[in-house]
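Structural description and commentary
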Amino acid sequence: DQQVKQNSPSLSVQEGRISILNCDYTNSMFDYFLWYKKYPAEGPTFLISISSIKDKNEDGRFTVFLNKSAKHLSLHIVPSQPGDSAVYFCAASTNNFNKFYFGSGTKLNVKP
Amino acid sequence: AAGVIQSPRHLIKEKRETATLKCYPIPRHDTVYWYQQGPGQDPQFLISFYEKMQSDKGSIPDRFSAQQFSDYHSELNMSSLELGDSALYFCASSFRDRGHEQYFGPGTRLTVT
């Protein structure tokens, strides 16, 4: 049972524009949501997280929005840069952090 | 800054052999996670440890076992290897008080022939 879903396997964006990556979840008990960036042959790199008590968290060019009623979160990257091209994973956990559930990833391609 | 270290980076084994993967967490991190990522798939949670005790278990086959040692490093032992065990195995670590920040190692690529 896939508790975290990323329905878009890929996204292509022009450099300088906004990239919006989406993630849906089914378990209302999740307390934390995270975004990871992954390059080929490397481990995922932690990008940004958000607690379920917030609806927005911002860090530089990265902003995560959480809509609890819709069980949906999104990662906004503004402005997008070619170096942002990678696979982005959404993940979720309850607040005991014993276990994390990952989405299937979205491959972002930022075109120069 | 120190990162999560995994060894070996690549491992080739034959069917029915055993393999041991090692993970050295970031210093002062007390929690370790193991994930398996098959080709084109998302990382699947296998098992986690907090302060040397197993804290949760996911879709880990009975042929696999793991433990966290007194120095917080962890080992994933895999026996009776099958072709389907070929995957990238990631270890991640975190400090429980900031458990929402999980840091991954570079992974071990296991190929079973």
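Residues numbered from 1 in each chain as written. Chains lettered and ligands numbered in written order. Predicted model: local features only at pLDDT ≥ 70, side-chain atom pairs only at ≥ 80, totals over all residues. Heavy atoms only, no water.

**A look at the overall build of chain A**
Heads up, the condition is: Helix and strand definitions follow DSSP, with helices as H or I runs of at least four residues and strands as E runs of at least two, each counted in order from the N terminus. A 1.4 Å probe rolled over the protein chains alone gives each residue an accessible area, and that area as a share of the maximum for its type sets the label: buried under 20%, exposed over 50%, partly exposed in between. With residues, only the protein chains shown are counted as cover, and all accessible areas are computed by Shrake-Rupley using a 1.4 Å probe. In summary, the charge assignment counts Lys and Arg as positive and Asp and Glu as negative, without counting His or the chain termini. Lys charges are placed at NZ, Arg charges at CZ, Asp charges at CG and Glu charges at CD.
A count of helical and extended segments in chain A gives zero helices and eleven strands. For chain A, the N- to C-terminal ordering of α and β elements is β-β-β-β-β-β-β-β-β-β-β. Counting only C-alpha atoms, chain A reaches 40 × 30 × 20 Å along its principal axes. Per-residue burial over chain A gives 46% buried out of 112 residues. About 5300 Å² of surface is accessible on chain A, with carbon and sulfur atoms providing 48% of the total. Across chain A, the 12 positively charged side chains and the 9 negatively charged ones have centroids separated by 4 Å.

**Focus on the overall build of chain B**
Applicable threshold: In this treatment the radius of gyration is a C-alpha quantity, and the globule benchmark scales as 2.2 Å times the residue count to the 0.38 power.
From N to C terminus, chain B includes zero helices and eleven strands. Along chain B, helices (α) and strands (β) appear in the sequence β-β-β-β-β-β-β-β-β-β-β when read from the amino end. Taking 113 residues into account, the globule formula puts the C-alpha radius of gyration at 13 Å, and chain B, at 13 Å, falls close to it. A burial count over chain B gives 49% of its 113 residues as buried.

**A few points about the side chain of Q3 of chain A**
For clarity, the threshold we go by: Contact criterion: two residues are considered in contact whenever any of their non-hydrogen atoms come within 4.5 Å of each other.
Following the sequence through the fold, Q3 of chain A ends up in the segment before strand 1 (4-5). Look past the residues within four positions of Q3 of chain A in its chain and what remains in contact with it is D24, Y25, T26, N27, F30 and Y101 of chain A.

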